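Residues per chain are reported as follows:
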Amino acid sequence: MTSTLIGRSLPLEALATTETDYLQLGETSARTELWDGGVLSCPRDTPRHQLILSALANALRANRTDLNVIAGVPVHLGPGRIAVPDLIIAGTIDPDQPLVDAASVRLVCEITSPTSATVDWSLKMHAYAQAGIPCYLVAEPERGLLHSNMLSAQGYVEQSVMQLVRVTGLNL
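The notes below deal with the structure included here. These figures come from a predicted structure and were not determined experimentally. (Residues numbered from 1 in each chain as written. Predicted model: local features only at pLDDT ≥ 70, side-chain atom pairs only at ≥ 80, totals over all residues. Heavy atoms only, no water.)

**Brief notes about the nonpolar core**
Note the threshold: Only buried residues count toward a nonpolar core. Its members are Ala, Val, Leu, Ile, Met, Phe, Trp, Tyr and Cys residues joined through side-chain atoms within 4.5 Å. Under the scheme applied here, a residue whose accessible area is under 20% of the maximum for its type counts as buried, over 50% as exposed, and between as partly exposed, the area being computed with a 1.4 Å probe on protein chains only. A run of H or I in DSSP becomes a helix once it reaches four residues, and a run of E becomes a strand once it reaches two; helices and strands are each numbered from the N terminus. Contact criterion: two residues are considered in contact whenever any of their non-hydrogen atoms come within 4.5 Å of each other.
Formed by 20 residues in total, the largest nonpolar core has its most connected members in V75, L77, I88, Y128, I133, Y136 and Y156. Those elements that provide at least two residues to this core are strand 6 (75-78), strand 8 (87-90), strand 10 (105-111), helix 3 (117-130) and strand 11 (135-140). Sorting elements by how many residues they give to this core places helix 3 first, with 4 residues. If we skip the residues at most four places from it in the chain, Y136 touches V108, E110, D120, K124, M125, Y128, H147, S148, N149 and Y156.

So this is what it looks like as structure tokens:
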């Protein structure tokens, strides 16, 4: 039996399997993540999403030349969990490896959309905290806000909320 995932016909067993199977999917036409044996697929980003992503990446790069600011790379959070955040800041990485280990990630950023907000604020927020990623930024274009959350013993604690237009310079 087959199922369609992102316009590709794949065996049904390839949709809910292991990290090895996930890596064998290769490049797909959308963002594909592995969550505890299940594949989560998100549609391609909108131009607004990409403009915000570029502006945030540029702002973060301007302040830290000793770190890697990377968009859309798979991050290994733990057994059976591979997320593809919108943006990460990482320390030392191997640029030829297909995954970035969560231990190298210092900051992760998600840009919400009406279809991703629940996943970004719940599933991903919990998983990033569990993986020990120190900072979680959440950009909400619909509300024009950027939330900065720092990891504590209880999970992420919101440190600040800024106007997205002030950070990105974009007129949203």
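From this point on, the discussion continues.
**Describing the sheet that holds strand 9 (residues 100-101)**
Put simply, the rule reads: Between any two strands, pairing holds if DSSP finds at least two bridges.
Pairing within the open sheet is mixed, and its 5 strands lie in the order 4-3-7-6-9. Strands with a single pairing partner mark the edges of an open sheet, and in this sheet they are strand 4 (38-42) and strand 9. Note that strand 6 and strand 9 share 2 bridges and pair parallel. Of the residues in strand 9, the one forming a bridge with H76 is D101.

**As for the sheet that holds strand 13 (residues 155-163)**
For clarity, the threshold we go by: Angles run from 0 to 180 degrees between N-to-C directions of axes, and those axes are lines fitted to C-alpha atoms, restricted for helices to the stretch in contact.
What the 6 strands build is an open sheet, ordered 5-8-10-11-12-13; its pairing is mixed. Edge positions in the sheet fall to strand 5 (68-71) and strand 13, since each of these pairs with one other strand and no more. If you compare each strand with its neighbour and ignore which way they point, the axes differ by 20 degrees on average. Relative to the sheet, helix 3 contacts strand 10, strand 11, strand 12 (145-152) and strand 13, its axis offset from that of strand 11 by approximately 165 degrees.

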